[in-house]
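Now for the letters of each chain:
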Amino acid sequence: MTSIAVIVGSTREGSFNLMLGDLAAASLAAQGAALTRVDLATFDLPLYSAALEANDFPPDAQRLKDIFAAQDGLLFVSPEYNGSLPPLLKNAIDWASRPTGGEGLVALTAYRGKAAAIMSASISPFGGLRGLMHLRQILSTIQMLVIPEQVVVPNAHAAFAEDGSLKEALPASLVEMTTGRLVAVARALSG
Ligand code: FNR
């Protein structure tokens, strides 16, 4: 079974990206993926510092890295903050990129050669597109294979129905298309 983790870059109550993450997770599960939800609110991740890393690697950073390392693919769903990704998500990505347990300096064992997909919901008319461009570049830098399909949900404050579904057909179909491709690529790369 293909394992995929969903990581959302917002812990805000009522977060539109958490809602989008819920839809993507349901779609991944429907397509046969073994799903792990990563709730960053449950991880005690200090702001990355080399001193912390050298003296006492945070247990939750290791826990996050272990979860990522166990997956065939990762789906990142993130808000855009000032044209980029939020520090919450960048910090999590950075911690899990660090070598532990005697790995080489550029081991990147949680990420290398795995499939990734990206999505964003934003209250702006652009749907967080600029943030996704940064996120795509970062994930490529850490040697993930980021699929070309992606999802932006513009005007997120008006995009979701009461039951959490997307009102418009286009972003809803993009969620299906993107999760389907992620599962297929993650399966192919892990086989
Ligand atoms: C934002 N927001 C935002 N939106 C956007 O489309 N482009 C941007 O550059 C920014 N910049 C930005 C900076 C900061 C510091 C904050 C707090 C917010 C608005 C953002 O899209 C909105 O708050 C979303 O609702 C956040 O996502 P969640 O928490 O609903 O998932």
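For the structure itself, consult the block above.
Since this is a predicted model, take the numbers as computed values, not measurements.

**Details of the nonpolar core**
Working step 1: Grouped together as the largest cluster of nonpolar side chains are 55 residues, with contacts concentrated most on V6 and A24.
Working step 2: In terms of residue count, the dominant contributor to this core is helix α1 (residues 16-30) (eight residues).
Working step 3: Look past the residues within four positions of V6 in its chain and what remains in contact with it is G21, A24, A25, L35, R37, V38, L75 and V77.

**A word on the pairing of strand β3 (residues 73-77)**
Working step 1: Taken across its five residues, β3 has five buried, putting it largely inside the fold.
Working step 2: Because side chains alternate across β3, one face comprises the buried residues G73, L75 and V77, and the other comprises L74 and F76, equally buried.
Working step 3: As paired strands, strand β1 (residues 3-8) and β3 are joined by five bridges and run parallel to one another. Bridge pairing in β3 links I4 to G73.
Working step 4: Sheet analysis places β3 next to strand β4 (residues 115-121), joined by five bridges and oriented parallel. Bridge pairing links F76 to I118 in β4.

**With respect to the pairing of β4**
Working step 1: For β4, the tally of buried residues reaches seven of seven residues, placing the bulk of the element in the interior.
Working step 2: On β4, burial covers both faces: A115, A117, M119 and A121 on one face and A116, I118 and S120 on the other are all buried.
Working step 3: As paired elements, β4 and strand β5 (residues 145-146) share two bridges and run parallel to each other. Its bridge partner being in β5, A115 is matched across the sheet by L145.

**Side note on helix α6 (residues 169-190)**
Working step 1: When the terminal C-alpha atoms of α6 are compared, their 32 Å separation across 22 residues agrees well with the 32 Å that a helix rising 1.5 Å per residue should span.
Working step 2: Those residues of α6 not exposed but buried are P171, V175, T178, T179, L182, V183, V185 and A186.
Working step 3: Buried residues in α6 make contact with β1, α1, β3, β4, β5 and β6 (151-153).

The rules behind each value
- Residues numbered from 1 in each chain as written.
- Predicted model: local features only at pLDDT ≥ 70, side-chain atom pairs only at ≥ 80, totals over all residues.
- Core = buried A, V, L, I, M, F, W, Y, C linked by C-beta atoms within 7 Å.
- Buried ≥ 20, exposed ≤ 12 C-beta atoms within 10 Å, placed from the backbone.
- Helix = DSSP H or I, 4+ residues; strand = E, 2+ residues; numbered from the N terminus.
- Contact = placed C-beta atoms within 7 Å.
- Pairing = 2+ DSSP bridges.
- Expected span 1.5 Å × (residues − 1).

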